[in-house]
Amino acid sequence: MRRAALEEGAYGAQTLDALVSAIDVNDLIDLQAALPRAVTLDYPPERFIEGFRLSRQLWQLGFDRAGLIALAARLRRGETIDEAQRHWFKQVRARFKHLRFAFFLYSQQHRSPKMLSLVTLVMGELQDAVKVKGPAEVQQQASRLSFLLKAPTWRLLTREADRFVPSGAAGFRRFTLAEMASLQPLLAAPTIGAHAFHAGRKVISRQVSFHDDMRTLYPAEEHQTMARWLATLNGLMGQFHDDLVARNASGKFSYARDTFALPDDIRSRLAELATLYLGTSSSVPSAS
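Residues numbered from 1 in each chain as written. Predicted model: local features only at pLDDT ≥ 70, side-chain atom pairs only at ≥ 80, totals over all residues. Heavy atoms only, no water.

Caption draft 1: Up close: the nonpolar core. Membership of the largest hydrophobic core comes to 49 residues, with the highest contact counts inside it found for F96, Y106 and L145. With 10 residues, the top contributor of residues to this core is helix α5 (residues 83-106). For Y106, the residues in contact, after removing those within four places along its chain, are F48, G51, F52, F164, V165, P166, S167, F210, D213 and M214. By size, the runner-up hydrophobic cluster in this structure holds 34 residues, among which are V203, I204, M237 and L273. (Core = buried A, V, L, I, M, F, W, Y, C linked by side-chain atoms within 4.5 Å. Buried < 20%, exposed > 50% of the residue type's maximum accessible area, 1.4 Å probe, protein only. Helix = DSSP H or I, 4+ residues; strand = E, 2+ residues; numbered from the N terminus. Contact = heavy atoms within 4.5 Å.)

Structure representation (structure tokens):
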């Protein structure tokens, strides 16, 4: 789509605030939350265009690039940031992640542009470094982010955000079912590695993002229910992943080599989700 088409139908502050509120609780654990009995897989392509527009507008308006550059420069010099600055950085990264998820969910190719993915990844590495790693790692990741925020690379990222071709209904269905099918190896194996676990968590995060967008634009009960249930699973997996990162930093666990059994509360919920989605189709198409 051309930039002009993406700018059509800009959303007001109330809608953007509703999405921010949804994102703020997308890892809130509610162990009493329940899945709906059925899930919708078929949507008109207009929903995908609207979901992308909303995500892109939130990203465009959701942070101050100069402030992000200043924060990265401060960390690169070895200075510290306070809790308020850490929270601001987390919120900014959430907007990058949400736009990246929008490309996966709504674009015809169902993947994220390279520069957007790289910046989001480095922001995550920096966030982890600030939380659990030493000053040298913080400075290294801050230097990487500072480079990516310079004008030439930033122009490339913004051009990427303008290039969007929406998925069709059949493509979205295939993508969603393939995402759910990718959870099955996690459930079948007695032990898994941290990278496999993190890949599974990304599947859940993308589904959280989809239902956050849809419950903001179309507040149907299914989206509200799915968002609450997925937030619980997302929160449980996030806490477990944070523990893996912390243990890796302390030398008690190797993120690259060690394996572990899925915690029962996470395993049971992943199995429940996969059954709900895959039960809606007699065959599961590949992601390609």
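Caption draft 2: Local environment of the environment of L186. Position of L186 relative to the elements: it lies in helix α10 (residues 184-188). A residue is classified by how much of its surface remains accessible, and L186, at 6% relative accessible area, is buried. Linking L186 and G67, residues 119 residues apart in sequence, is a C-alpha distance of 40 Å. Dropping the residues within four chain positions of it, L186 is found in contact with I192, A196, F197, G200, L262 and R267.

Caption draft 3: Up close: unusual backbone geometry. For H110, which is not glycine, the phi torsion reads 55° and is therefore positive. Checked against the element boundaries, H110 lands in the loop between α5 and α6 (114-132).

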